[in-house]
Structures are given as C-alpha cells and as structure tokens.
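Summary of structural features
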Amino acid sequence: MPVSTDAVVLGAWAPLEHARQILDIGAGSGVLSLMAAQRSHAQITAVEIDIPAARACAANISASPWADRITLYQGDIASFAAPQTADGFTGFDHIICNPPFFYTGQKSTKAGRATARHTEYLPFNLLAQQLERLLAPKGKISLILPLESLPDWRKALAQHSHLSLTHQCEVISVRGKAPKRVMQLVQHPKDTAGPSQSSQLVIREPDNNYSEQMQALTRNFYLFMT
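Residues numbered from 1 in each chain as written. Predicted model: local features only at pLDDT ≥ 70, side-chain atom pairs only at ≥ 80, totals over all residues. Heavy atoms only, no water.

Quick look at the pattern of salt bridges now. Under the defined criterion, the tally for this structure stands at three salt bridges. Where Arg181 meets Asp6, a salt bridge forms, and the shortest distance between an N and an O atom there is 2.7 Å. Of this pair, Arg181 sits in strand 7 (residues 181-187) while Asp6 sits in helix 1 (residues 5-13), placing them 175 residues apart in sequence. The salt bridge involving Arg175 is made with Glu205; its shortest N-O contact spans 2.7 Å. Taken together, the residues Arg175 in the loop between strand 6 (164-174) and strand 7 and Glu205 in the loop between strand 8 (197-204) and helix 7 (212-218) connect sequence positions 30 residues apart. (Salt bridge = Lys/Arg side-chain N within 4 Å of Asp/Glu carboxyl O. Helix = DSSP H or I, 4+ residues; strand = E, 2+ residues; numbered from the N terminus.)

If you want it as structure tokens, here you go:
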C-alpha cells in the first residue's frame, strides 16, 4: 500500500507533541506510527489486522530510529486490550486513525488494500465503540475521512459512543475546489469547552505547487519539500 497524502496530512496535523501513549488503529505500513514517533516522545502502539501489512509495518518500524518506542499488535482492534502499567495506565491519551471508509463500490483484488479501504472490515459503529473504550480521560482522537462519509460517521459517533467533535479541518486538494476530506479532533464530552472549531487546509495552488500552508505543515516529512 503506498503512503497516501491522507496519512501524511493527518500525521502532521494531529496534536501529538505532548502525548505519552499513542494508539494507531489500522496502522497499515506504519507511516502514522512513525510520524507520531518523530513528533513526540510517546510510546506508540500500532494495531493492524492484515497479516502482510503487519509484516511490512514491522519491517518499517525495525528500520526506523524509533523501534524501541513502537509496539505492533497484529489483530482485530475489538480484541485488543489496552496494556496495564505500574503507573495505572488504562487508556491512550491520543488515538490516531485513517479508517476504512468505502461502504459500496468495487473492492480491490488485493485483500490488504480492500481491508484498508472498506468499512465492512471496521464499520463506523465498531470504530466509535473502540475509540471510546480505549481513550484515556482527557485523551484526544485524530482521524481523517472523505466528506461523503461524514453523515454515517456522525450517526455512528452519536449512537455508539459518548464522544464529541471539538475541531474539524476541511482538506482541499487544490485552492478553489470543494473539500473532499475532513480531519477531526474528537474527545470525551467533559473535556470539551465551547463549540467545536473549524479550519481549512489547502494542499496545492492552481499552478500545482504545494501551498505555503501545506509546506509548513509537512516539510519535516517530505524530503523534497523546501
């Protein structure tokens, strides 16, 4: 699975700097876990259900400078138990997720890519439940979704969890076009203050160059970004 722009912008946008324990749900090749390690001093747990993807994730973690801070769990998130530690840790203070989002449409002939992209492998109702289960008090969740998936995600979040949206960022591929992706920051309701915030991220200008906003956000992750 190639590294997607979705993963890069989410990994750069999520407020991870002060997190101590980070969970990456649906880690794939491990790019979000590696970005989280680069941006924080946290211990990171990567969860990936697909066996070939988990093998690739393990190889990428081992080849990185942060292998001692990233733990890989191969399996279903519903069967994953948050580790218990001596200091009483029972949840993650940040969860990052680039979830499957296609309900319909032709699936990839590659099983791993189909798992990564179709919600039958991680339906929104199950995702909402697991996010609430694994999130520590005062914890935060960062995720990215296609705009057309938002109604289903909002419904699942409302019906299957007590979590609340605190910030939504519309992702615009080219300035002047309509947004096709949204990034969200979600928390326990008691940790929210006031109405949710909104913002926009423009990836490219009409001349196809990266916007100054995109360059500032991602220059630490793209080798060619000036």
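A few words on the sheet that holds strand 1 (residues 21-25). The strand order 3-2-1-4-5-7-6-8 describes an open sheet built from eight strands, whose pairing is mixed. Each end of this open sheet is capped by a strand with a single partner; those strands are strand 3 (70-74) and strand 8. Across this sheet, the average inter-strand angle for adjacent strands is 15°, counted without regard to direction. The pairing of strand 6 with strand 7 spans seven bridges and is classified as antiparallel. If you follow Cys169 over to strand 7, its bridge partner there is Met183. Contacting strand 2 (43-48) and strand 3, helix 3 (residues 51-62) runs over the sheet at an angle of about 170° to strand 3. Where helix 5 (residues 124-134) meets the sheet, it contacts strand 1, strand 4 (92-97) and strand 5 (135-146), and its direction lies at approximately 150° from that of strand 5. (Pairing = 2+ DSSP bridges. Axes fitted to C-alpha atoms, helices over the stretch in contact; angles between N-to-C directions. Contact = heavy atoms within 4.5 Å.)

Orientation of helix 5 relative to helix 6 (residues 150-160), taken along the N-to-C sense of each, is 50°, at an axis distance of 8 Å. By the angle between their directions, the pair helix 5 and helix 6 is classed as oblique. Here the hand of the crossing between helix 5 and helix 6 comes out right-handed. Note on element contacts: helix 6 touches helix 5 through Asp152, Trp153, Ala156, Leu157 and His160, opposite Phe124, Asn125, Leu127, Ala128, Gln129, Leu131 and Glu132. A per-class count over the contact of helix 5 with helix 6 returns seven nonpolar, three polar and two charged. (Parallel < 35°, antiparallel > 145°, perpendicular 65-115°, else oblique. Left-handed = near helix turned anticlockwise from the far one by under 90°. Nonpolar A, V, L, I, M, F, W, Y, C, P; charged D, E, K, R; others polar.)

It is worth stressing that arrangement in space is one thing and function is another; only the former is reported here.
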